[in-house]
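This is what each chain is made of:
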Amino acid sequence: AQSVTQPDIHITVSEGASLELRCNYSYGATPYLFWYVQSPGQGLQLLLKYFSGDTLVQGIKGFEAEFKRSQSSFNLRKPSVHWSDAAEYFCAVAPLLGGNEKLTFGTGTRLTIIP
Amino acid sequence: DTAVSQTPKYLVTQMGNDKSIKCEQNLGHDTMYWYKQDSKKFLKIMFSYNNKELIINETVPNRFSPKSPDKAHLNLHINSLELGDSAVYFCASSQDTRGSEAFFGQGTRLTVV
């Protein structure tokens, strides 16, 4: 069965500092990979996704993620965070075959930004 | 216009009651979903509905029943509510089921007392 691990429950960074959120997945083949963001009281918004091709994926709001097959990782990065980036971030995977009904989310990483 | 809208945003009800949450998408998508987010923010899919085919998550109690009057709507009906049903329920839609982006509603916070 597929699974997603986000080892960091809560991360605090200073505004303007760089950010990396970790995501590791367990799956027999390369799945679809996603990062979603959830602002307080809101639904989830897609930041970026990886299907194939270039392993460095650019997303919205200045985020990027790098797929590393050898490490089964899909870490999210941002060179300089803004106070508005404070939110909950979810990594998710879906199999290439079988469909979105098997979309599996990680447990999330809460990002706090300090001035 | 909101792409995926669900109502109500908040729902407080007593144990044993029956309630419904409505969801509508105006994106022309073929697939809609219901997710449950528990108090620890863990998100788990409950149902997906694609072109009149309902895919049920086997861990969902049969007190939960999705109803889709048409492709743009997927409502969630819950019978005999229990305390453990308290959670945030998210509706979502996607163009298809093959890895396309899922668009989420703002959620319905259900509190069972």
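Being a predicted model, the structure only gives us computed values, none of them experimental.

Colleague: Teacher, can you tell me more about the overall build of chain A here?
Modeller: Secondary structure summary: chain A contains zero helices and twelve strands in total. Its helices and strands taken in sequence order, chain A reads β-β-β-β-β-β-β-β-β-β-β-β from the N to the C terminus. For 115 residues, the compact-globule estimate of 2.2 N^0.38 gives 13 Å, and chain A sits close to it at 14 Å. Along the longest, intermediate and shortest principal axes, the C-alpha atoms of chain A span 45 × 30 × 20 Å. Residues classed as buried in chain A amount to 49% of the 115 residues present. Of the contacts formed within chain A by residues at least 6 apart in sequence, a portion of 55% connects residues at least 24 apart. Approximately 5300 Å² of chain A is accessible, and the part contributed by carbon and sulfur atoms is 52%. For chain A, the distance from the average site of its 9 positive side-chain charges to the average site of its 9 negative ones is 4 Å.

Colleague: What's the story with the confidence of the model for chain A in this structure? I'm lost.
Modeller: Detailed reading of the predicted coordinates is not advisable wherever pLDDT falls low. Residues with a pLDDT of 70 or more make up 94% of chain A, whose mean pLDDT is 91. Mean pLDDT across the elements of chain A ranges from a minimum in strand β11 (residues 104-105) of chain A, with 88, to a maximum in strand β3 (residues 19-21) of chain A, with 98.

Colleague: Just to check I follow, could you spell out the pattern of salt bridges for this structure?
Modeller: Oppositely charged side chains can pair when the atoms bearing their charge come close. Residue and element names in this part refer to chain A. The final tally for this structure, using the stated rule, is seven salt bridges over all chains. For R22, the salt bridge goes to D8, with nearest N and O atoms at 2.9 Å. Highlighted residues: R22 in the loop between β3 and β4 (24-26) and D8 in the loop between β1 (3-5) and β2 (10-14), separated in sequence by 14 residues. E64 serves as the salt-bridge partner of R77, at 3.2 Å between the closest nitrogen and oxygen. With R77 in strand β9 (residues 73-78) and E64 in strand β8 (residues 64-68), this pair connects stretches of sequence that are 13 residues apart. Accessibility expressed as a relative area gives 23% for R77, which makes it partly exposed.

Colleague: Explain the packing of aromatic side chains to me, please; I cannot follow it from the model alone.
Modeller: The geometry of an aromatic ring pair is captured by the separation of the ring centres together with the interplanar angle, meaning the angle of the planes. Residue and element names in this part refer to chain A. Per the counting criterion, the structure on display carries 16 aromatic pairs over all chains. Between the aromatic rings of Y36 and F105, the centroid separation amounts to 5.8 Å while the plane-to-plane angle is 55 degrees, which identifies the pairing as tilted. Taken as a pair, Y36 in strand β5 (residues 32-38) and F105 in strand β11 lie far apart in primary sequence, 69 residues in all. In this structure Y36 comes out as buried when scored by relative accessible area, which is 1%.

Analysis parameters
- Residues numbered from 1 in each chain as written.
- Chains lettered and ligands numbered in written order.
- Predicted model: local features only at pLDDT ≥ 70, side-chain atom pairs only at ≥ 80, totals over all residues.
- Heavy atoms only, no water.
- Helix = DSSP H or I, 4+ residues; strand = E, 2+ residues; numbered from the N terminus.
- Rg over C-alpha atoms; globule rule 2.2 N^0.38 Å.
- Buried < 20%, exposed > 50% of the residue type's maximum accessible area, 1.4 Å probe, protein only.
- Contact = heavy atoms within 4.5 Å.
- Areas by Shrake-Rupley, 256 points an atom, 1.4 Å probe, with all protein chains shown as cover.
- Lys, Arg positive; Asp, Glu negative; His and termini not counted.
- Charge placed at Lys NZ, Arg CZ, Asp CG, Glu CD.
- pLDDT = per-residue confidence, 0-100.
- Salt bridge = Lys/Arg side-chain N within 4 Å of Asp/Glu carboxyl O.
- Phe/Tyr/Trp six-rings, centres within 6.5 Å; stacked < 30°, edge-to-face > 60°.

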